[in-house]
Amino acid sequence: MKQTALIGLCFLGLSDQVRAHECDELVKMHGLLGRAFIQCHYTFYSRGFVLQAEACGSKIGDKAYKQLLAEGKEAFDNRSSQMGPPALCAKILKDFPYTVRQ
């Protein structure tokens, strides 16, 4: 019985780590897509996606949230300078059709 409880606790800990990692990626993506929304002049940015990313702030903390958001914005800027804004904007529309629209 104790062994089962320990295994369950290990899975719970792993589950929290997985959720934290998912939050990291989600917040970075929010930074990238938020920057794209403005720079590419999209007319739609999924409110549900924004709410999910913002909810991660309470899970990962304000400092980490701001850092990850900045990393996502920087990723957009770097990719934009490599590909050019029109090509990147078109790629993001293609890759995230349910999250952003023109």
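A. Fine view of the packing of helix α3 (residues 62-83) against helix α4 (residues 85-95). Across the interface, α3 lies against α4 with an axial gap of 7 Å and an inter-helix angle of 120°. Classified by the interaxial angle, the pair formed by α3 and α4 is oblique. Within the contact between the two elements, α3 uses Phe76, Arg79, Ser80 and Met83 and α4 uses Pro85, Ala87, Leu88, Lys91 and Ile92. Grouping the constituent residues of the contact of α3 with α4 by class yields 6 nonpolar, 1 polar and 2 charged.

B. Focus on α4. Those residues of α4 that fall on the buried side of the exposure criterion are Leu88, Cys89 and Ile92. The buried side chains of α4 occupy one side of the element, clustering within an arc of 100° when seen end-on. When the buried face of α4 is taken as reference, the exposed residues oriented beyond 90 degrees from it are Pro86 and Lys94.

C. Here's a closer look at the packing of helix α2 (residues 47-60) against α3. Remark: α2 packs on α3, axes separated minimally by 7 Å, with the N-to-C direction vectors making an angle of 135°. Of the possible angle classes, the one that applies to α2 and α3 is oblique. Across the interface between the two elements, Ala53, Glu54, Gly57 and Ile60 from α2 touch Asp62, Ala64, Tyr65 and Leu68 from α3. Class assignment of the residues belonging to the contact of α2 with α3 gives a composition of 5 nonpolar, 1 polar and 2 charged.

D. Molecular detail of unusual backbone geometry. The backbone of His41 shows a phi angle near 60°, a positive value even though the residue is not glycine. Summarising the element assignment, His41 is placed in the loop between α1 (2-39) and β1 (44-45).

E. Highlighting the environment of Ile92. Considering the arrangement of structural elements, one finds Ile92 in helix α4. When the C-alpha atoms of Ile92 and Ala36 are compared, they prove to be 7.9 Å apart, with 56 residues separating the residues in sequence. Setting aside residues up to four positions removed in sequence, Ile92 forms contacts with Leu32, Leu33, Ala36, Tyr42, Phe76 and Val100.

F. Summary view of the side chain of Thr99. Along the polypeptide, Thr99 turns up in the loop between α4 and β2 (100-101). Discounting chain neighbours no more than four positions away, the residues touching Thr99 are Leu33, Phe44, Tyr45, Ser46 and Phe49.

G. Examining the side chain of Ser46 more closely. For Ser46, the position within the fold is in the loop between β1 and α2. A distance of 3.2 Å separates the side chain of Ser46 from the backbone nitrogen of Phe49, its partner in a polar contact. Leave out the neighbours within four places in its chain, and Ser46 touches Tyr98 and Thr99.

About the criteria used
Residues numbered from 1 in each chain as written. Predicted model: local features only at pLDDT ≥ 70, side-chain atom pairs only at ≥ 80, totals over all residues. Heavy atoms only, no water. Axes fitted to C-alpha atoms, helices over the stretch in contact; angles between N-to-C directions. Helix = DSSP H or I, 4+ residues; strand = E, 2+ residues; numbered from the N terminus. Parallel < 35°, antiparallel > 145°, perpendicular 65-115°, else oblique. Contact = heavy atoms within 4.5 Å. Nonpolar A, V, L, I, M, F, W, Y, C, P; charged D, E, K, R; others polar. Buried < 20%, exposed > 50% of the residue type's maximum accessible area, 1.4 Å probe, protein only. Arc of directions from axis to C-beta. Polar contact = N/O pair within 3.5 Å; in protein donor to acceptor, adjacent residues only side chain to side chain.

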